[in-house]
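# Observations on chain architecture
Residues per chain, in single letters:
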Amino acid sequence: SEEQLKTFSRIANSAFEDNEEEVFIFLKPVLFNKDIHLFLAKYNGEVAGCGMLSFAAGIAGLYWDGVLPEFRRRGIGTELT
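First things first, this report covers the structure right here in the doc. Because the structure is a prediction, the values reported are computed rather than measured.

Analysis parameters
- Residues numbered from 1 in each chain as written.
- Predicted model: local features only at pLDDT ≥ 70, side-chain atom pairs only at ≥ 80, totals over all residues.
- Heavy atoms only, no water.
- Core = buried A, V, L, I, M, F, W, Y, C linked by side-chain atoms within 4.5 Å.
- Buried < 20%, exposed > 50% of the residue type's maximum accessible area, 1.4 Å probe, protein only.
- Helix = DSSP H or I, 4+ residues; strand = E, 2+ residues; numbered from the N terminus.
- Contact = heavy atoms within 4.5 Å.
- Pairing = 2+ DSSP bridges.
- Axes fitted to C-alpha atoms, helices over the stretch in contact; angles between N-to-C directions.
- Parallel < 35°, antiparallel > 145°, perpendicular 65-115°, else oblique.
- Left-handed = near helix turned anticlockwise from the far one by under 90°.
- Nonpolar A, V, L, I, M, F, W, Y, C, P; charged D, E, K, R; others polar.

Okay, the nonpolar core next. The biggest cluster of nonpolar side chains holds 19 residues, and the ones touching the most others in it are Phe8, Ile11, Leu27, Cys50, Met52, Phe71 and Ile76. At the level of elements, helix 1 (2-16), helix 2 (20-27), strand 1 (36-43), strand 2 (46-56) and helix 3 (76-80) are the ones that each hand at least two residues to this core. Once residues lying within four places of it in the same chain are set aside, the contact partners of Phe71 are Tyr43, Glu46, Val47, Ala48 and Ile76.

What follows is the structure, encoded as structure tokens:
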């Protein structure tokens, strides 16, 4: 959903120091692409990280696998991967 994409953008902004608005604009077309999947990771009910999985020509790619600084070193990035 667009709301989840906004959350993804916020997390990516903080995890990677990207511009939140630019991330949202870049990723908005993803909402309509069946070959790209966005994931939000939660830790104790709080959104803690994000990741993107892309499928193209039988190949999978993992992008934007990031965890907020305050949630790092807890295995969240490993679980996203």
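Another aspect to go through is the pairing of strand 2. Strand residues, when the strand is regular, have side chains that alternate between the two faces of the sheet. Bridge count for strand 1 against strand 2 is eight bridges, and the pairing is antiparallel. Directly across from Lys42, in strand 2, lies its bridge partner Val47. Linking strand 1 to strand 2, which pair antiparallel, is a turn of two residues; within it Asn44 sits at a positive phi near 50°. Here strand 2 runs beside strand 3 (residues 59-67); their pairing, made up of seven bridges, is antiparallel. Along strand 3, the bridge assignment pairs Leu53 with Leu62. Between the antiparallel neighbours strand 2 and strand 3 lie two residues, among them Ala57 with a positive phi of about 55°.

All right, on to the sheet that holds strand 1 then. Spatial ordering of the open sheet is given by 1-2-3, a layout of three strands whose pairing is antiparallel. The outermost strands of the open sheet, each flanked by one partner alone, are strand 1 and strand 3. Adjacent strand axes in the sheet meet at a mean angle of 20°, parallel and antiparallel pairs treated alike. The sheet contacts of helix 1 involve strand 1, strand 2 and strand 3, and relative to strand 2 the element is tilted by about 100°.

Our next topic: the packing of helix 1 against helix 2. Running from N to C, helix 1 and helix 2 cross one another at 135°; their axes reach a closest spacing of 8 Å. It follows from the interaxial angle that helix 1 and helix 2 lie oblique. Classified by chirality, the crossing of helix 2 by helix 1 is right-handed. In this structure, helix 1 contributes Glu2, Leu5, Lys6, Phe8, Ser9, Arg10, Ala12 and Asn13 to the contact, and helix 2 contributes Glu20, Val23, Phe24 and Leu27. Grouping the constituent residues of the contact of helix 1 with helix 2 by class yields six nonpolar, two polar and four charged.

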